[in-house]
Amino acid sequence: MPAQGQSRSLVLPSVSRMRRGEEFANAVRKGSRAGRPTLVAHLSVRPNTDESPLIGFVVSRAVGGAVVRNRVKRQLRHLMRDRLHRLPRGSLLVVRANPPAASARSERLAAELDGALDRLLRRREPSKARMDGR
């Protein structure tokens, strides 16, 4: 909760937005993938870096016209703002919207984004079996 007199940002911080094509390509080609009906998330973690996570969004024409695509991007940016803390330092995350995202309610997008992130982050954790030496 922000201190009194401070407002909490309503958007994803500019420093956390992915802008370079090579970062998008690195996340999609080298990262893990988790798909849901309304979106697909790709996560890659850059080794030996302590930089803040970068998040990029891909919303193609298949989702809808410009107004619909921009609305979906705004919804996804808003949802990621509250989930940014879950990502490890050095993360590259690309969230690609599927056509059903155009008509999905914000609650559904949030639930599916959480599901995709949970799956991707769970894959990064060392398994209990490996920790036990089995």
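Described in the following lines is the structure provided in the data block.

Rules behind the numbers
- Residues numbered from 1 in each chain as written.
- Predicted model: local features only at pLDDT ≥ 70, side-chain atom pairs only at ≥ 80, totals over all residues.
- Heavy atoms only, no water.
- Helix = DSSP H or I, 4+ residues; strand = E, 2+ residues; numbered from the N terminus.
- Expected span 1.5 Å × (residues − 1).
- Buried < 20%, exposed > 50% of the residue type's maximum accessible area, 1.4 Å probe, protein only.
- Contact = heavy atoms within 4.5 Å.
- Pairing = 2+ DSSP bridges.
- Axes fitted to C-alpha atoms, helices over the stretch in contact; angles between N-to-C directions.

The next thing to look at is helix 2 (residues 66-81). In a regular helix each residue adds 1.5 Å, so 16 residues correspond to 22 Å; helix 2 covers 22 Å between its end C-alpha atoms and thus fits that length. Turning to helix 2, its buried residues are Arg69, Val72, Gln75, Leu76, Leu79, Met80 and Arg81. In this structure, the buried side of helix 2 is in contact with strand 2 (39-45), strand 3 (54-58), strand 4 (91-97) and helix 3 (106-124).

Right, let's get into the sheet that holds strand 3. The sheet built from 4 strands is open, its strands ordered 1-2-4-3 with mixed pairing. Each end of this open sheet is capped by a strand with a single partner; those strands are strand 1 (32-35) and strand 3. Between one strand axis and the next, the sheet turns through 15° on average, direction left out of account. Pairing geometry for strand 3 and strand 4, over 5 bridges, is parallel. Bridged to Phe57 within strand 4 is Val95. Sitting on the sheet, helix 1 (residues 21-30) is in contact with strand 1, strand 2, strand 3 and strand 4, with an inclination near 85° to strand 4. Packed on one face of the sheet, helix 2 meets strand 2, strand 3 and strand 4 and runs near 155° to strand 3.

A separate point is the environment of Arg77. Along the polypeptide, Arg77 turns up in helix 2. On the basis of relative accessible area, Arg77 is assigned to the partly exposed category, the value being 24%. For the pair Arg77 and Val11, spaced 66 residues apart in the sequence, the C-alpha separation amounts to 6.7 Å. Residues in contact with Arg77, not counting those within four places in the same chain, are Leu12, Arg17 and Phe57.

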